[in-house]
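Next come the chains, spelled out residue by residue.
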Amino acid sequence: MEVVIAPAEELARLAADAIENLVRSKPDAVLGLATGSSPLKVYDELARRHTESGLSFAGARAFMLDEYVGLPAEHPERYRNVIEKEIASRVDFAPGAVQGPDGLADDLPAACAAYEAAIADAGGVDLQILGIGTDGHIAFNEPGSSLASRTRIKTLTQQTREDNARFFEDDIDRVPHHCLTQGLATIMSARHLVLLATGKGKAEAVHQLTEGAVSALWPATIMQLHPHATVLVDDAAASRLQ
Ligand code: F6R
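As the structure is a prediction and not an experimental result, all values here were calculated from the model.

*Asks:* Any chance you could explain the environment of Pro95 here in plain terms?
*Replies:* Within the element layout of this structure, Pro95 appears in the loop between α3 (79-86) and β5 (98-99). Each C-alpha atom, one on Pro95 and one on Leu65, is 19 Å from the other, the two residues being 30 residues apart in sequence.

So, in structure tokens, the structure goes:
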């Protein structure tokens, strides 16, 4: 695991460099996209490079990490809509090239299985962007998640619902209770993991991620077993590293 400590803008450039190098050398690359605040500067940088230097995603595909269950199709916080707004609509992915788990499906377990099959059919994810929760989750694999898990329905913890209330007018009652999320084994199947974390609130999770024992209690620690994992953190998020 490679850990880079730098200011947030530099971290975003480094993550964008990794994506640009991949897409320029493999135009039909498969990307893994995260929502939340951590990747926003990366998406800004990719959109800028698309506009200013012709970085193209026309042949690429992307798979989202997770989705809330039951948010109406037009809800602005539905992750499909967030990804559309933050990155997909700002670059040139082909129609249908960005996919996410279907949190509105009648048969959610079938939707999870179909999502796993779609990722496999695409040849797997080349580069997965990740954030980390204050409780050490990646995607929505909350503490206690099986290290061997695949895409499935999960219940969000109180901590995560509190953390995400900021996206729902600071009203925790508006935050869904359930989500569909790629599992830890799904994420580990990606060929390169790039995790971004900034701010003091992430310091304990980053400490556990890089220096703790591999454990389902801190799900991100599974990344220690990945052959190509890059952890990009600012000074505040690195403040508990030894
Ligand atoms: C989002 C996701 C989550 C977030 C994590 C950190 O798709 O999978 O694991 O990455 O909750 O969220 P932020 O970046 O908002 O601090």
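*Asks:* What exactly am I supposed to notice about the UniProt feature "active site" (unreviewed entry) in the protein here?
*Replies:* As recorded in UniProt, the sites labelled "active site" (unreviewed entry) are Asp66, Asp135, His137 and Glu142. Relative to the helices and strands, Asp135 is located in the loop between β6 (127-130) and β7 (152-155). Residue class for Asp135 comes out partly exposed when judged on the 19 C-beta atoms lying within 10 Å of it. Excluding residues that lie within four positions of it along the chain, Asp135 makes contacts with Glu142, Pro143, Thr157, Gln159, Thr160 and Ala205. Inspection of the secondary structure assignment puts His137 in the loop between β6 and β7. On the basis of neighbour counts, which here come to 26 C-beta atoms within 10 Å, the residue His137 falls in the buried class. For His137, the contacting residues outside a window of four places in its chain are Glu142, Thr160 and Pro219.

*Asks:* Quick question: what am I supposed to make of the nonpolar core here?
*Replies:* Note on soluble globular proteins: their nonpolar side chains tend to be buried together. Ranked by size, the top nonpolar core spans 68 residues in total, and within it Ala15, Leu31, Leu33, Ile132 and Leu195 carry the most contacts. The element best represented in this core is helix α1 (residues 8-25), accounting for seven residues. Setting aside chain neighbours within four positions, we find Leu33 in contact with Ala62, Met64, Leu65, Ile83, Ile87 and Ile129.

*Asks:* Even after reading the chapter, I still don't get the UniProt feature "site: Part of the allosteric site" (unreviewed entry) in the protein, so can you show me in this structure?
*Replies:* The UniProt record annotates "site: Part of the allosteric site" (unreviewed entry) at Ser145, Arg152, Lys154 and Thr155. One can find Lys154 in strand β7. Its place among the elements puts Thr155 in strand β7. When the 13 C-beta atoms within 10 Å are taken as the criterion, Thr155 is described as partly exposed. Once residues lying within four places of it in the same chain are set aside, the contact partners of Thr155 are His177 and His178.

*Asks:* So what exactly am I meant to see when it comes to the sheet that holds strand β3 (residues 61-64) here?
*Replies:* Pairing between the strands of a sheet is mediated by backbone hydrogen bonds and can be parallel or antiparallel. Taken in spatial order, the seven strands of this open sheet run β1-β10-β9-β6-β2-β3-β5, and their pairing is parallel. Only two strands of the sheet have a single neighbouring strand rather than two, namely β1 (2-5) and β5. Where strand β9 (residues 192-197) meets strand β10 (residues 229-233), five bridges bridge the pair, whose relative direction is parallel. Bridge pairing links Leu193 to Ala229 in β10.

*Asks:* Sorry, what's going on with unusual backbone geometry here?
*Replies:* Glycine aside, a negative phi is what most residues show, and trans is what most peptide bonds show. We note that Ala139 has phi near 50 degrees; this positive angle belongs to a residue other than glycine. Judged by the 30 C-beta atoms lying within 10 Å of it, Ala139 falls in the buried class.

*Asks:* What should I look at first to understand the pairing of β10 in this one?
*Replies:* Every regular strand shows the same layout, with side chains that alternate between the two sheet faces. For β10, the tally of buried residues reaches five of five residues, placing the bulk of the element in the interior. Burial of β10 is two-sided: the residues Ala229, Val231 and Val233 facing one way and the residues Thr230 and Leu232 facing the other way are all buried. The pairing of β1 with β10 spans four bridges and is classified as parallel. When the bridges of β10 are listed, Val3 appears paired with Val231.

*Asks:* How should the site of the ligand be read in this particular structure?
*Replies:* Around the ligand there are 14 residues in total, and Thr35, Gly36, Ser37, Ser38 and Gly131 lie nearest to it. Classifying every residue of the shell around the ligand gives six nonpolar, seven polar and one charged.

The rules behind the values
Residues numbered from 1 in each chain as written. Predicted model: local features only at pLDDT ≥ 70, side-chain atom pairs only at ≥ 80, totals over all residues. Helix = DSSP H or I, 4+ residues; strand = E, 2+ residues; numbered from the N terminus. UniProt positions renumbered as here; feature names shortened; annotations may be inferred. Buried ≥ 20, exposed ≤ 12 C-beta atoms within 10 Å, placed from the backbone. Contact = placed C-beta atoms within 7 Å. Core = buried A, V, L, I, M, F, W, Y, C linked by C-beta atoms within 7 Å. Pairing = 2+ DSSP bridges. Near = placed C-beta within 6 Å. Nonpolar A, V, L, I, M, F, W, Y, C, P; charged D, E, K, R; others polar.

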